[in-house]
Amino acid sequence: MNYFNHLYKTLLICLVLTVGCTNDFEEINSDPSVVNEPNLRYLFTYSADRLVTYQGTEWVWENMEHLLRYSQHVTADPYELSGNVNSRYPVFYRDILPNLQEIRQRIDARADADRYQNMKMVTYVLQILHAIKVSDMNGAIPYQEAALARYDGTFDPVYNTQSELFTLWLNQLNEAIQTISANLNGDQENFGEADLFYQGDWVKWAKLANTLKLRIAARVQNQDAGQAAQIFQEVIQDGIGPIDSDEAQMVYSNDNYTPFGTGGDIDYRSRRFATSTIVDFMKSTEDPRLSIYFEPNDLTGSYQDSLDFYGLSLPEFIDPADPLIQYQGGPVDWSLEPEVSTYFNNPIAVGTNRYFLISPINRKFFSPKLNNANGIFTNVIVSYAETCFYIAEFIEKGYGSGSAEEWYNRGIASSIRTMNMIAQDAQSDVAFTDDGTAQIEAYQNQPEVQLNGENDLERIYIQQYLQFYRQPNEAFVFTRRTGYPTFDSDYYSRQAYSQVIPRRFWLDDPGEVNRENWENAMQEQDFTPRSQDVVDLNQERIWYDKTAPDFGMGQ
């Protein structure tokens, strides 16, 4: 597929659609250079591409500085929240939803619309994927009436409550699954290569829709465990089912894109490091993902000879006998352990040598173009591992029958394979160059990894947590909804943290046209309008978060 030829045409079409909203209809309709019948495939490509490529500022200003720090996957300089966060919200209404609405409107207007129903249905799946993410940090959002001004003059869409959103999304996902299932052998038009994720494979789109239902079930269960169990049963009993293989994952790969701009400067503003908890746990369980997730420090080669020559010792927090001494983490809250945090940005001097002790995140794993390298950016948006860990979690909680252990091990295996694939594409450090069977089985047989009948749910949770290292939004949602890792755990504990953690973002006043609906939504959710204060953002929770445990206080 000539990807950028598709994208260029799509951008041209989007420009035409934007111009088409003016009042100069007669002039436009008489201009032969204006496309009045845009190719639906290119409209879809644009929305699909923007689902990922808008995230440049999000990775810098939100994921690395906030969400992954709050979830304690990484540690970094504690920047305050700024207006640069929450880009997910405007991009939904500007770049993702409009083209999807246009596709549906044009399909409905066709005399042969029945041949385009699968194409219509996957537009809902795509928009729900991002709408969930938008609502995760904002609660109520315009949805049912959003992006309709072009068609019915609705410039003041109501804000659907989060409870309403879940109902709308489940209904739309169910309709998509049912429609696709009924049309698998029918005469259906197809997005083909314009579908960046599945190249028009309808079965995989239905599987994705079912996994999104599991995402919803995971979110809603603190409010209604019965509904979560019902959703789980629907997914398991569906003839197509959820994502069930690495090949069915939703993957985006682009050789010409990096979320950190030209040169891949992932260290913009500050470098990000490993936390001691995640590194220590991965070392103790001999996790193959350790070298994928984190870079080694400078304690490699002949460092010990240099220390001995100058009669120096390593700081007390490092064990000289550690066989994986090249991987060291630090505190999430730098102020609580200054004797360690001083080494984040300061090396120890050994003669003319300088040794940095704390392991940074594996920067090429996130930014394959770092320092103008040639790696390929690959992002697994919805994974088989995520699906497996949800199923294992729900079985363990009694939502349905089956073997939690079987799904747990499937999730571990897929996570390791997938992370290794991302690293290979990025030309980063990998765990293996074959199929990884030996490494995966060795890890699964570790006593601290195997389910033992004592803290099985916690072990399922921690593997889910490790899987979300490359999905900051899902990592944050996981720690927020479960309260894991917990402060008092003997298995994998959460570190003490002195700062107030916001549990949501804020939505600015939209202006006079829709201010009344915005104010009603803020009042209904008990949000303080216009407040960007972290205490308010911590205490005034979105609907599905209201009954969740505090961070680190899971049961």
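Everything quoted here is computed from the prediction, not taken from an experiment. (Residues numbered from 1 in each chain as written. Predicted model: local features only at pLDDT ≥ 70, side-chain atom pairs only at ≥ 80, totals over all residues. Heavy atoms only, no water.)

**Some points on the side chain of Gln 101**
Heads up, the condition is: The secondary structure listing takes helices from DSSP runs of H or I that are at least 4 residues long and strands from runs of E that are at least 2 residues long, numbered from the N terminus. Only protein chains enter the accessibility calculation, which uses a 1.4 Å probe; a residue whose area is less than 20% of its type maximum is buried, one above 50% is exposed, and one in between is partly exposed. Contacts are assigned to residue pairs with any non-hydrogen atoms lying within 4.5 Å of each other.
Take Gln 101: it is sitting in helix H5 (residues 88-108). Residue classification places Gln 101 among the buried residues on the basis of a relative accessible area of 8%. Contact partners of Gln 101, with chain neighbours within four places excluded, come to Ala 146, Ala 147, Leu 148 and Tyr 151.

**Side note on empty space enclosed by the protein**
What counts, and what does not: The definitions used throughout rest on a 1 Å grid laid over the protein atoms alone, on which a cavity is an enclosed set of points accommodating a 1.4 Å probe that cannot get out and a pocket is an open set flanked by protein within 12 Å on both sides along at least five of seven lines; lining residues are those having an atom within 4 Å of a point. Grid points are joined across faces, edges and corners, and a volume is the space filled by probe spheres set on the points. Side-chain classes are defined by residue name, with Ala, Val, Leu, Ile, Met, Phe, Trp, Tyr, Cys and Pro counting as nonpolar, Asp, Glu, Lys and Arg as charged, and the others, Gly among them, as polar.
Inspection of every chain in the model, using the stated rule, returns three cavities of 30 Å³ or more. Quantified by volume, the largest cavity comes out at close to 290 Å³. Lining the largest cavity are 18 residues, and of these Gln 55, Lys 133, Asn 379, Ile 381 and Asn 473 sit closest to its centre. Elements that contribute at least two residues to the lining of the largest cavity include exactly helix H3 (40-53), helix H4 (56-70), helix H6 (117-138), strand S8 (377-382) and helix H20 (472-482). Classifying every residue of the lining of the largest cavity gives seven nonpolar, six polar and five charged. Counted as a void, the second largest cavity has a volume near 60 Å³. Lining the second largest cavity we find Asn 138, Arg 504, Phe 505, Trp 506, Leu 507, Met 522, Phe 527, Thr 528, Pro 529, Arg 530 and Ser 531. Residue composition of the lining of the second largest cavity, by class: six nonpolar, three polar and two charged.

**Here we look at the confidence of the model for the protein chain**
We count it as follows: On a scale of 0 to 100, pLDDT captures the predictor's confidence in every residue.
Summing up the model confidence of the protein chain, the mean pLDDT is 93 and the portion of residues at 70 or higher is 94%. In this model, residues 1-30 is a region of pLDDT below 50 whose contacts with residues beyond four sequence positions or in other chains number 44 contacts.

**What about the packing of aromatic side chains?**
Aromatic rings considered in pairs are described by the distance between their centres and by the relative angle of their planes. Using the following cut-off: Within 6.5 Å between ring centres, the rings of Phe, Tyr and Trp (the latter by its six-membered ring) count as paired, and their orientation is classed by plane angle as stacked under 30 degrees, edge-to-face over 60, tilted in between. A ring is scored as having a charge over it whenever the NZ atom of a lysine or the CZ atom of an arginine sits within 6 Å of its centre and within 35 degrees of its normal.
Applying the stated criterion across every chain, the model contains 38 aromatic pairs. A ring pair is formed by Tyr 257 and Phe 377, whose centres lie 5.3 Å apart and whose planes are at 80°; its orientation type is edge-to-face. Separated by 120 residues along the polypeptide, Tyr 257 in the loop between strand S4 (250-254) and strand S5 (273-274) and Phe 377 in strand S8 bring together distant segments of the chain. When its relative accessible area of 2% is taken as the criterion, Phe 377 is described as buried. Taken together, the ring pairs in this structure connect Phe 281, Tyr 461, Tyr 465, Phe 468, Phe 478, Tyr 484, Tyr 491 and Tyr 492 into an aromatic cluster. Taking NZ or CZ as reference, Arg 104 lies 4.1 Å from the ring centre of Tyr 124, over its face. Seen from the ring of Phe 527, Arg 504 lies directly overhead, with NZ or CZ sitting 3.6 Å from the centre.

**Some points on the pattern of salt bridges**
Close approach of charged atoms allows side chains with opposite charge to pair. The cut-off we apply is this: Criterion for a salt bridge: a side-chain nitrogen of Lys or Arg within 4 Å of a carboxyl oxygen of Asp or Glu.
This model, assessed by the stated rule, comprises 37 salt bridges. Of the charged contacts in the structure, one is a salt bridge between Glu 386 and Arg 215, with a shortest N-O distance of 2.6 Å. With Glu 386 in helix H16 (residues 384-396) and Arg 215 in helix H9 (residues 202-220), the pair connects residues that are 171 residues apart, well separated along the chain. Of the two residues, Glu 386 and Arg 215, neither departs from the other in class, the shared state being buried. Note that Glu 474 and Arg 219 form a salt bridge whose closest N and O atoms lie 3.0 Å from each other.

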